[in-house]
Amino acid sequence: MKTFYVTTPIYYANSLPHLGHLYTMMVADTIARRQRQRGIETFFLTGTDEHGINIERAAQRNNRTPQEQADFVVSYFTKMTAAFGLDRAHGGYDIFMRTTEPFHYQGVSEFWNRVAKAKTPKGRDAIYKGHYEGWFCAPCAAYKTEDEYAKPENPDEPPTCLVHETKLDRVSEESYFFRLSDFGEALLKLYEERPDFVQPEVRRNEVRSFVQSGLQDLSVSRLKTSVSWGLPVPGDPEHTMYVWFDALTNYITAIGFGNEQQERAVGFEKFWPALHLVGKDILRFHAIYWPAFLMAGGVEQPRAIVAHGMWLDPAGRKMSKTLGNTIELDVLNKHFSTDAIRYFCLREMVFGQDGRFGYEGLIDRTNSDLASGLGNLSSRTLTMIQRYCEGQIPTGNISDAGILPAKRAGIDTDEAVISKFVTRARDQMIRYFDELAFSKALEEAWSIVAHADKMISDAKPWDLAREAKQREALNAVLYRASECLRWLSVLLYPVMPNAAREIYAQLGLTDDLSKIDPAELKWGGLGSTQIAEVKPLFPRIDKAKTMDEIKSGSAAAAGSGQHTTEADAVPDAHTSITSDERVTPATQADAAADAAALVNYIEITDFTRVDLRVGEVRTAERIPKADKLLLLTVDIGEEKPRQILAGIAQYYEPETLVGRKIVIVANLKPRKLRGYESQGMLLAASVGEEGKPVIATFAEDVPNGARLK
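Predicted, not measured: the structure shown is a model, and the values here were computed from it.

What counts and what doesn't
- Residues numbered from 1 in each chain as written.
- Predicted model: local features only at pLDDT ≥ 70, side-chain atom pairs only at ≥ 80, totals over all residues.
- Heavy atoms only, no water.
- 1 Å grid on protein atoms, 1.4 Å probe; cavity = no way out; pocket = protein on both sides within 12 Å on 5 of 7 lines; lining within 4 Å.
- Points joined across faces, edges and corners; volume = space filled by probe spheres on them.
- Helix = DSSP H or I, 4+ residues; strand = E, 2+ residues; numbered from the N terminus.
- Buried < 20%, exposed > 50% of the residue type's maximum accessible area, 1.4 Å probe, protein only.
- Contact = heavy atoms within 4.5 Å.
- Pairing = 2+ DSSP bridges.
- Right-handed = clockwise from strand over helix to strand, strands pointing away.
- Salt bridge = Lys/Arg side-chain N within 4 Å of Asp/Glu carboxyl O.
- pLDDT = per-residue confidence, 0-100.
- Expected span 1.5 Å × (residues − 1).

### Side note on empty space enclosed by the protein
Tallied over the full model, the rule gives two cavities of 30 Å³ or more. A volume near 50 Å³ is recorded for the second largest cavity. Lining of the second largest cavity is provided by Arg-34, Gln-37, Met-429, Ile-430, Phe-433, Leu-491, Pro-494 and Pro-518. Put simply, the parts of the chain that give the lining of the second largest cavity at least two residues each are α1 (19–37) and α16 (416–434). The leading source of residues in the lining of the second largest cavity is α16, at three residues.

Structural data, given as structure tokens:
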């Protein structure tokens, strides 16, 4: 594979982008960056579909022309992609495709003519002229069969689309038809011969089942008097092309099909076929209509069509403006780093399935995995190199003379152990990436983070630094941690390009991460470089403060007529009330009682806010004139022990606590007692009427710094 082509759908220009648009772009961007790391010339397409009745209607509502409406939406897309690092300037897409481009019309016309001249697998004309009468959904840009709409109670009213819950339009007019009914067997053969053509398997089965149930011919034009905002049918300007025939063809016109200038600039022959990323809601158009069009036009089929799931709110409900549970892109951009959002989306959603997205979940994942995980590993490693090695990454070699002292300190003197672990995780991560299993791939990366963190906590470099004979052991630990960071920078670049580059630069390295193939990494490749200024990668987010800001911003938006954030949504709210669900004073009282009964429950996200860590008591002493307080220093795997005050002096002698493993709350806000700062709180059970404290501890050996979950 010398070239690679990946596409998102081109998004309808009747409304502004949302989380679903952003997610597909981030996935495509991640895939493109990964391919470029492999040395494969890659082309990444996203863009807007700018024709059709939806655009006309949106333009009328906003007192714009259809072109002005499209330009307005595209301007917002342009700002959004730049803000989230997805545009060309940030190494993102190669083309923002617009179906109003002149080269697109030329390419679509060429494709239409090819299909119009073609015969179906049954020897009939692929396109013919006829009369269409039926129901059309403008938001879907699709004609609906009886099983795809809800019939009205009043026969004089139009039916309702089951997807958008909007009234359908009755269409009765002359139309060009694509003879889709003749392509059923050819499509089923395609799915059979290429099992990975539609992914994941559950979506492939859905598509096959739909085709097996029988296909109907597809109307591929509208009279210009009905839909004027569209591309004219070649040779018949009284008709405009059906929006999906026009839109789907963008995938080939963007790279030069039917236009010599665009072919020279990009290269249809060079890059086609493409990997199409789509939402499951538009899978039918891409996995049935598009392959059939391509068969008729004599064009090679795509590499694959991969459908991802939908984002739901934390309660598992579909996001909608009506419920007020949508995720605002402006809010994301204001409160969260781009890398944190990318990481959350790829880690939280199992690709191909639905996922849940809430601001609180994003904060929790950022604080735990990024701030306390990757960010903490980078900061503590580089800070110790700065402090103990004058800012120069040491060599990791342990001489024969240093082996025994290192072993006595609990250091594994065989560097092959960690190199094999990291190499295995790298290989697994690459395999998962190739399978588009991003969540599993990131789990493998974080196994390296956890392994390096444990190595540091077990070795206690801050203790090794006090003994001259342990210098080689200290250097080995810091080198291994630094080498893990180098590998993580390369591995995580496609997912978190900014953070990866920052880690790499702080290691004192200057290579271009976009050109380093993770498969080519060799352990021990990190030289004795001088590190750069150590900066925090992911500062911890104050959850309460941030959520208050989001909620207050949401309330202001609601007052201005805009929709609100998921933070203000009511869990399990009904979207409508039927005749059997009338709200009465009695039902309101029942609801209040139910709510009161739930006051003592907490959500899992509430629990995950508490950072519980295993610590070992290093010292314990009484505080003068404080009968109840003990002053403890506790090692929780950080660079230096924490100072913690505990009101247990009446029940525990200080010397009996030294060496004990305890549990502390590590993210409790520090406070001063009797002139001493307490940097956390230990956990103890309250026993008996007097509430005697009994310290929580462990029956098994647990490393310092281990997180309780």
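Let us keep going from here.
### Looking at helix α2 (residues 53–61)
Turning to α2, its buried residues are Ile-53, Asn-54, Ile-55, Glu-56, Ala-58 and Ala-59. Against the buried residues of α2 lie β1 (3–12), β2 (41–49), α3 (66–83) and β4 (127–137). Asn-63 occupies a position one or two residues after α2 and carries a positive phi of about 55 degrees.

### Observations regarding the environment of Leu-215
Relative to the assigned elements, Leu-215 resides in the loop between α6 (201–212) and β10 (218–219). The sequence separation of Leu-215 and Leu-180 amounts to 35 residues, and the corresponding C-alpha distance is 6.4 Å.

### Digging into the pairing of β1
Two faces make up the sheet, and in a regular strand the side chains alternate between them. Along β1, 10 of the 10 residues are buried, which leaves the element largely enclosed by surrounding structure. Here β1 runs beside β2; their pairing, made up of eight bridges, is parallel. From the neighbouring strand, Phe-4 faces β2, where its bridge partner is Thr-42. Crossover β1 to β2 through α1 is right-handed.

### Things to note about the pattern of salt bridges
Counted according to the given criterion, the structure contains 38 salt bridges. Between Asp-369 and Arg-365 there is a salt bridge, with the nearest N and O atoms lying 3.0 Å from each other. A residue pair is termed a helical-turn pair when its members lie 3 or 4 positions apart in one helix, as Asp-369 and Arg-365 do in helix α14 (residues 359–388) at four residues. Note on accessibility: Asp-369 and Arg-365 belong to one class, buried. Overlapping salt bridges bring together Asp-463, Arg-466, Arg-618 and Asp-635 as one network.

### Details of the sheet that holds strand β12 (residues 232–233)
Taken in spatial order, the three strands of this open sheet run β11-β13-β12, and their pairing is antiparallel. The open sheet terminates on both sides in strands that have one partner only, identified here as β11 (221–223) and β12. Alignment of β12 against strand β13 (residues 236–241), held across two bridges, turns out to be antiparallel. The residue of β13 that forms the bridge with Val-233 is Asp-236.

### Focus on the confidence of the model for the chain
The predicted model of the chain has a mean per-residue pLDDT of 87, with 89% of residues at 70 or higher. Throughout residues 557–601 the model reports pLDDT below 50, and contacts reaching past four residues in sequence, or to other chains, amount to 47 contacts.

### Overview of unusual backbone geometry
For residues besides glycine, phi is generally negative; the peptide bonds are generally trans as well. Residue Pro-200 follows Gln-199 across a cis peptide bond; omega there is -5 degrees. A cis amide bond links Trp-272 with the next residue in sequence, Pro-273, at an omega value of 15 degrees. Following the sequence through the fold, Pro-273 ends up in the loop between α10 (268–271) and β14 (275–279). Phi angles above zero are rare outside glycine, and Leu-436 is one such case at about 65 degrees. Along the chain, the position of Leu-436 falls in the loop between α16 and α17 (438–459). Classification of Leu-436 as buried rests on a relative accessible area of 11%.

### Structural notes on α1
Here α1 is 19 residues long and its end C-alpha atoms lie 27 Å apart, about the 27 Å a rise of 1.5 Å per residue gives. Counting buried positions along α1 gives 17 out of 19 residues, so the element sits mostly inside the fold.

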